[in-house]
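Report on the structure
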Amino acid sequence: MPTLLRDAIARLGGVLLMLLVLAVPPASAGEPPLLRYEEATPSQRALVDELERRTFDWFWASADPKTGLVPDHFPGESFASIAAVGFGLTAYGIGAERGYVSREQAAERTLATLRFFKNAPQNASEDDATGYHGFYYHFLDMRSGRRFARFVELSSVDTALLLGGVLFAQSYFDRDTPAEREIRALADAIYRAVDWPWMQPRAPLISMGWTPGGQYIPVDWVGYNEGMLVYLLALGSPTHPVGADAWQAWSAGNDKHWGAFYGETLLNFAPLFGHQYSHIWVDFRGIRDAWAQAHDIDFFENSRRAVRSQRNYAIANPGRWTGYGANVWGLTACNGPGGYVVEDVDGVRRFEGYSARGAGLDYINDDGTLAPTAAGGSIVFEPALVLSALAEMKQRYGRYIYNRYGFVDAFNPSFHLRTELRTGQLTPMGWADTVQLGIDQGPILLMIENWRSGLVWRVMRKNPYLRKGLERAGFTGGWLQASPAP
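Residues numbered from 1 in each chain as written. Predicted model: local features only at pLDDT ≥ 70, side-chain atom pairs only at ≥ 80, totals over all residues. Heavy atoms only, no water.

Across its full length, the chain carries 16 helices and 24 strands. In terms of overall dimensions, the chain is globule-like: its C-alpha atoms have a radius of gyration of 21 Å, near the 23 Å expected for 486 residues. Reported as C-alpha extents along the three principal axes, the dimensions of the chain are approximately 60 × 50 × 45 Å. Split into buried and exposed, the 486 residues of the chain put 64% on the buried side. In the chain, 70% of the contacts between residues at least 6 apart in sequence involve partners at least 24 apart. Accessible surface for the chain amounts to roughly 16,500 Å². Of this, 52% is attributable to carbon and sulfur atoms. (Helix = DSSP H or I, 4+ residues; strand = E, 2+ residues; numbered from the N terminus. Rg over C-alpha atoms; globule rule 2.2 N^0.38 Å. Buried < 20%, exposed > 50% of the residue type's maximum accessible area, 1.4 Å probe, protein only. Contact = heavy atoms within 4.5 Å. Areas by Shrake-Rupley, 256 points an atom, 1.4 Å probe, with all protein chains shown as cover.)

Structure below.
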């Protein structure tokens, strides 16, 4: 089986595992103020500035300038990931603000992307479509822009992550120029075309996806996870909204996952990406739905606790993995050395390829593989802890895990098996990946910018569709109480 195909299957397997894992919420108390960018040391700011620029360069260099399609992984041959496109669309505005590219260059790349998705074929065929009913296939062929393979699903969550970038572009490019007017119109048309109720075969819940051959995936989004963004965008639609009961149905299982894990009481979801993705575009600070009000917490605070519990887990290191500690931590969905079983002094060790690694009440999936995005994408939640982690990982392992595009996707200091590897390379440190993934680069870049300036949150607070979705979900307080920005 070709490596490219195996990668895609492994990625889908990881996603299905994440989907089958549900999570739940916490209660808040007085917390110390978070370290602000201006309060960081010069060396810490230099570290973050360089990482942000290098991570932006990954998106700018890897995307097809004609279609805007962003590869799942890069460098090397890859299929496109529509979620990575959503991160990329957000990255271009950041690049313009930081001066990495001009606003005109950012608008040009954004326009190419939106034109592609607006005009791409939407139909029920197996092989000649990019999407259907306004949703898009999880993976697309980088050259044709069509569904990459027949096992690839029309994905509700990856469409939502794409739309996060589409709506960011709609609100960011607000000038009265031909290019920016077209961006706003295209973004609006793409969002309005998504037929959310069609993805509800078991309403009020929303299905994880659909394929022409198998029809609806028999699993719905329910419980705290990255599906949060799916429901908020489905609730905010002016053309095809789901009922308000969808949010209650999604959050009904939260209490099953509320509890203490390594010193923190929180709504658990084992991989940290579940505590990052929706938060990239939605400023949850100070706003609460009925469940959060009942537990005296907001979802931002919940993510802070998730980060601290993961760090505490690494310090305790129950699996005795090499390198774990106060400044080397972070489990999330990422690449890994592959499917190997090794017996050593610590017993039988099982190593996985791409997998939804994590540690929480819901499950623990830990093979010693660490992903820098787990810490980097959490910088808004615990900046002091994350800065120490990024500095330590770069200082200790940087020769093998840090390059022109920032941190590689993952590394494993416990893996030293000399064998033919499916991905990555064996180094004196252990296993190190050789590529970055768009869905892991995105949280690093976008969350760094949110920490530095709040740009993504500030822009998205202006978006009427996101505001409507939050209000229909029952969120009140904080910035939602203020009048919408012009």
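Right, let's get into the packing of helix 2 (residues 42-62) against helix 13 (residues 383-401). The description of two helices packed together rests on the angle between their axes and the distance between the axes. One way to put it is that helix 2 packs onto helix 13 with a least axis distance of 10 Å and a crossing angle of 75°. Judged by the inter-axis angle, helix 2 sits roughly perpendicular to helix 13. Mapping the contact onto sequence places Gln-44, Leu-47, Val-48, Glu-50 and Leu-51 in helix 2 and Leu-387, Leu-390, Ala-391 and Lys-394 in helix 13. Taken together, the residues that form the contact of helix 2 with helix 13 break down as six nonpolar, one polar and two charged. (Axes fitted to C-alpha atoms, helices over the stretch in contact; angles between N-to-C directions. Parallel < 35°, antiparallel > 145°, perpendicular 65-115°, else oblique. Nonpolar A, V, L, I, M, F, W, Y, C, P; charged D, E, K, R; others polar.)

What follows concerns the UniProt feature "domain: Glycoamylase-like" (unreviewed entry) in the chain. The positions that UniProt labels "domain: Glycoamylase-like" (unreviewed entry) are, in the present scheme, residues 220-464. Secondary structure over residues 220-464 splits into 37% helix and 17% strand, and the C-alpha atoms at its two ends are 26 Å apart. (UniProt positions renumbered as here; feature names shortened; annotations may be inferred.)

Tracing the backbone through its elements, the reader meets Ser-309 in helix 11 (residues 299-316). According to the relative accessible area criterion, Ser-309 is buried, its value standing at 2%. Apart from residues no more than four positions distant in its own chain, Ser-309 is found in contact with Phe-261, Tyr-262, Glu-264 and Leu-266.

Turning next to the sheet that holds strand 21 (residues 411-412). Strand order in this open sheet of three strands is 21-23-22, and the pairing throughout is antiparallel. The strands lining the two open edges of the sheet, one partner per strand, are strand 21 and strand 22 (425-427). (Pairing = 2+ DSSP bridges.)

So, on to the environment of Gln-200. Following the sequence through the fold, Gln-200 ends up in the loop between helix 6 (178-192) and strand 7 (206-207). The buried category is assigned to Gln-200, whose relative accessible area is 12%. With 161 residues separating them along the chain, Gln-200 and Glu-39 place their C-alpha atoms 47 Å apart. Gln-200 has contacts with Leu-205, Ile-206, Val-242 and Ala-246, leaving out every residue within four places of it along the chain. Separated by 2.7 Å, the side chain of Gln-200 and the backbone oxygen of Pro-204 make a polar contact. (Polar contact = N/O pair within 3.5 Å; in protein donor to acceptor, adjacent residues only side chain to side chain.)

Attention now moves to helix 11. Helical periodicity: at 3.6 residues per turn, an α-helix aligns residues three or four positions apart in one direction. Between the first and last C-alpha of helix 11 there are 26 Å, a value that for 18 residues agrees with the 26 Å anticipated at 1.5 Å per step. Of all the 18 residues making up helix 11, 15 are buried; the element is thus mostly covered by neighbouring parts of the structure. (Expected span 1.5 Å × (residues − 1).)

Another aspect to go through is the pairing of strand 11 (residues 258-261). Residues Gly-259 and Phe-261 point to one face of strand 11 and are all buried, whereas Trp-258 and Ala-260, pointing to the other face, are not buried. Two elements, strand 11 and strand 12 (residues 264-267), share four bridges in a ladder whose sense is antiparallel. Each bridged residue has a counterpart across the sheet, and for Trp-258 the counterpart in strand 12 is Leu-267. Hairpin geometry of strand 11 and strand 12 is characterised by an intervening segment of two residues between the two adjacent antiparallel strands and by a positive phi of about 45° at Tyr-262.

Its place among the elements puts Thr-423 in the loop between strand 21 and strand 22. A polar contact is formed between the side chain of Thr-423 and the side chain of Asp-433, at a distance of 3.5 Å. Setting aside residues up to four positions removed in sequence, Thr-423 forms contacts with Asn-335, Gly-336, Pro-337, Trp-431 and Asp-433.

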